Amino acid sequence: PLAPAVALPSVPDWQGPGEGRLDLGAERAGTDQTLAGVYQDARAATVWLTFDYFRGEGPGKELVNQSQRGFDPKRWQQIDYGVAFPAPASGVAQANAVRLRDNASGEEYLLWSWYDTEGQRSSTRLAVKLAQAGARLRGDPVGGAVVTVATRVEGGADGAAVLNRFLASGAVALERLHVAP
């Protein structure tokens, strides 16, 4: 279970977590806790990790709804959107993949995100809603998180390879951050 004061774990082969958050201008109304940190490996690749936790549901406090936004469209331009299939060692079967360009600096980033609900990881909103409905029907507390990993993509770098390395290295440590309301 997630303790109220849990911290991001260290990840083998990566330095961190350091203080820092990639400022996407995300709007996650009703978030109970956010954990964010930055990691760097020996190849100088940087990964930002963010967990936005929701320990329950109520009016204006839903993990999945139309008002939740992953980035500020006034600051960021979405270049591409799709589905990523991280390496099996990562523990994440599928993630939403978004490539963004910072309107001010022109820098590009690759973001992978998914939901963690009832100990299940999913990139689809329907799966999250069904898991939450099942918890409510069983009388269990409903909670979840939006998990985002991001890396800068520069000079033709393979951002997916960086995120795969990070997730594969941190699979065991990140598994401990499953949500339990």
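Above this text is the structure in question.
To start, this report covers the structure provided alongside it.

The rules behind these values
Residues numbered from 1 in each chain as written. Predicted model: local features only at pLDDT ≥ 70, side-chain atom pairs only at ≥ 80, totals over all residues. Heavy atoms only, no water. Helix = DSSP H or I, 4+ residues; strand = E, 2+ residues; numbered from the N terminus. Buried < 20%, exposed > 50% of the residue type's maximum accessible area, 1.4 Å probe, protein only. Contact = heavy atoms within 4.5 Å. Areas by Shrake-Rupley, 256 points an atom, 1.4 Å probe, with all protein chains shown as cover. Phe/Tyr/Trp six-rings, centres within 6.5 Å; stacked < 30°, edge-to-face > 60°. Expected span 1.5 Å × (residues − 1). Pairing = 2+ DSSP bridges. Core = buried A, V, L, I, M, F, W, Y, C linked by side-chain atoms within 4.5 Å.

**Quick word on the overall build of the protein chain**
At step 1: When helices and strands are counted, the protein chain shows two helices and eight strands.
At step 2: Taken from N to C terminus, the helices and strands of the protein chain fall in the order β-β-β-β-β-β-β-α-β-α.
At step 3: Counting all 181 residues of the protein chain, 45% fall into the buried class.
At step 4: Long-range pairs, those at least 24 residues apart, make up 63% of the contacts in the protein chain with a sequence separation of at least 6.
At step 5: Carbon together with sulfur atoms contributes 53% to the accessible area of the protein chain, which is approximately 8,900 Å² in total.

**Section: the packing of aromatic side chains**
At step 1: A complete count under the given rule lists five aromatic pairs for this structure.
At step 2: Ring centres of tryptophan 48 and tyrosine 109 lie 5.8 Å apart, and the angle between their planes is 65°; on these two criteria the pair is classed as edge-to-face. Separated by 61 residues along the polypeptide, tryptophan 48 in strand β3 (residues 46-54) and tyrosine 109 in strand β6 (residues 108-117) bring together distant segments of the chain. For the pair shown, tryptophan 48 and tyrosine 109 are each scored as buried.
At step 3: The rings of Trp14, Tyr39 and Phe166 are connected pair by pair, giving a single aromatic cluster.

**A few points about the environment of alanine 95**
At step 1: Note on placement: alanine 95 falls in strand β5 (residues 95-102).
At step 2: In sequence terms alanine 95 and threonine 124 are 29 residues apart; their C-alpha atoms lie 8.5 Å from each other.
At step 3: Other than its neighbours up to four places away in sequence, alanine 95 contacts Gly82, Val83, Ala84, Pro86, Trp112, Ser113, Trp114 and Ser123.

**Quick look at the environment of serine 90**
At step 1: In this fold, serine 90 is placed in the loop between β4 (76-84) and β5.
At step 2: Among the residues examined, serine 90 registers a relative accessible area of 3% and is labelled buried.
At step 3: Sequence-wise, serine 90 and leucine 163 are 73 residues apart; in three dimensions their C-alpha atoms are separated by 9.4 Å.
At step 4: Serine 90 has contacts with Arg121, Leu167, Ala168 and Ala171, leaving out every residue within four places of it along the chain.

**What to know about the environment of alanine 84**
At step 1: Tracing the sequence through the fold places alanine 84 in strand β4.
At step 2: Taking the C-alpha atoms as reference points, alanine 84 and serine 113, 29 residues apart in sequence, are found 9.3 Å from one another.
At step 3: With sequence-adjacent residues up to four places away left out, alanine 84 is seen in contact with Ala93, Gln94, Ala95, Ala97 and Trp112.

**A few points about helix α1 (residues 125-138)**
At step 1: Here α1 is 14 residues long and its end C-alpha atoms lie 20 Å apart, about the 20 Å a rise of 1.5 Å per residue gives.
At step 2: The secondary structure elements touched by the buried residues of α1 are β6.
At step 3: With its phi angle positive at about 80°, glycine 139 sits one or two positions after the end of α1.

**Some remarks on the pairing of β3**
At step 1: β3 sits mainly inside the fold: eight of its nine residues count as buried.
At step 2: In this sheet, β3 lies alongside strand β2 (residues 33-41) in antiparallel orientation, the contact comprising eight bridges. For valine 38, the partnering residue across the bridge sits in β3 and is tryptophan 48.
At step 3: The antiparallel pairing of β2 with β3 creates a hairpin that spans four residues between the two strands, and alanine 44 there sits at a positive phi of about 70°.
At step 4: In terms of strand pairing, β3 meets strand β8 (residues 144-153) through seven bridges, oriented antiparallel. Bridge pairing links threonine 50 to threonine 148 in β8.

**A look at the nonpolar core**
At step 1: Counting 26 residues, the largest nonpolar core has Trp14, Leu49, Phe51, Trp112, Trp114, Val149 and Phe166 as its most contacted members.
At step 2: Mapped by element, the contributors of at least two residues to this core are β2, β3, β5, β6, β8 and α2 (159-175).
At step 3: Here the element with the most residues in this core is α2; it accounts for five residues.
At step 4: With near-sequence residues (within four places) excluded, leucine 49 lies in contact with Leu8, Leu35, Ala36, Gly37, Tyr39, Val147, Thr148, Val149, Phe166 and Leu174.
At step 5: In this structure, Leu24, Trp48, Phe71 and Ala150 belong to the second largest nonpolar core, which totals 11 residues.

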